[in-house]
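# Summary of the model geometry
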Amino acid sequence: QVQLVESGGGLVQAGGSLRLSCAASGRTFSSYAMGWIRQAPGKEREVVAAISRGGIYTDYASSVKGRFTISRDNAKNTVYLQMNSLKPEDTAVYYCAGRVSSVLIRRVDDYVYWGQGTQVTVSS
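Residues numbered from 1 in each chain as written. Predicted model: local features only at pLDDT ≥ 70, side-chain atom pairs only at ≥ 80, totals over all residues. Heavy atoms only, no water.

Evaluation of the coordinates by the stated rule reveals five salt bridges. A salt bridge links D90 to R38, with the shortest nitrogen-to-oxygen separation between them at 2.9 Å. Here R38 lies in strand β4 (residues 32–39) and D90 lies in the loop between β8 (78–83) and β9 (92–100), a separation of 52 residues in the sequence. For the pair D90 and R38, a shared accessibility class is recorded, and that class is buried. Where R67 meets D90, a salt bridge forms, and the shortest distance between an N and an O atom there is 2.7 Å. With R67 in the loop between β6 (58–60) and β7 (68–73) and D90 in the loop between β8 and β9, this pair connects stretches of sequence that are 23 residues apart. (Salt bridge = Lys/Arg side-chain N within 4 Å of Asp/Glu carboxyl O. Helix = DSSP H or I, 4+ residues; strand = E, 2+ residues; numbered from the N terminus. Buried < 20%, exposed > 50% of the residue type's maximum accessible area, 1.4 Å probe, protein only.)

Printed below as a string of structure tokens:
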């Protein structure tokens, strides 16, 4: 089992950048495929970025491709989401999630462990 704690959210102007971090407990973090999922008010959760357990493979939602970058440091038990060129429509609660898996996880329902979420607000 792993516990996940996000940090780095906040208020930023359109065009700005934020870096989210997700710290994981436990000794088997390198076995977990990880993802960042967001939920905007009145909308369903969507996977914005996913990364394989070794960090080699990544995948992005089309809405963030070219602007967001997911990465991980298994030595530090941490996964990151670098968000550039932020838009007001990126405003949401961002969750870190994971599951023991040898492949990328692209579906929200396939994630098992979740953090508490961090609010990202982008003003126009």
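Within the secondary structure, E6 sits in strand β1 (residues 4–7). One buried charged residue, E6, remains without a salt bridge, the closest side chain of opposite sign being R45 at 8.5 Å. In terms of polar contacts, E6 uses its side chain to reach the backbone amide nitrogen of C96, at 2.8 Å. A polar contact is formed between the side chain of E6 and the backbone nitrogen of Q116, at a distance of 3.0 Å. Filtering out sequence-adjacent residues up to four positions away, E6 remains in contact with S21, C22, W36, Y94, Y95, C96, G115, Q116, G117 and T118. (Lys, Arg positive; Asp, Glu negative; His and termini not counted. Polar contact = N/O pair within 3.5 Å; in protein donor to acceptor, adjacent residues only side chain to side chain. Contact = heavy atoms within 4.5 Å.)

A few words on the state of the cysteines. The tally for this structure, following the rule as stated, stands at one disulfide. A disulfide bridge connects C22 with C96, and the sulfur atoms are separated by 2.1 Å. The chirality of the disulfide connecting C22 with C96 is left-handed, given an S-S dihedral of about -75°. Note that C22 is positioned in strand β3 (residues 18–24) and C96 in strand β9, a separation of 74 residues in sequence. C96 carries the same exposure label as C22, and that label is buried. (Disulfide = S-S within 2.5 Å.)

With a phi angle near 55°, N77 is a residue other than glycine that sits in the positive phi range. Relative to the helices and strands, N77 resides in the loop between β7 and β8. Even without being a glycine, S85 presents a positive backbone phi close to 50°. With respect to the helices and strands, the residue S85 is situated in the loop between β8 and β9.

With that settled, consider the pairing of β3. With respect to burial, β3 is a largely interior element, five of its seven residues being buried. Sheet topology places β1 next to β3; four bridges connect them, and they run antiparallel. Among the inter-strand pairings, L4 is bridged to a residue of β3, identified as A24. Alignment of β3 against β8, held across six bridges, turns out to be antiparallel. (Pairing = 2+ DSSP bridges.)

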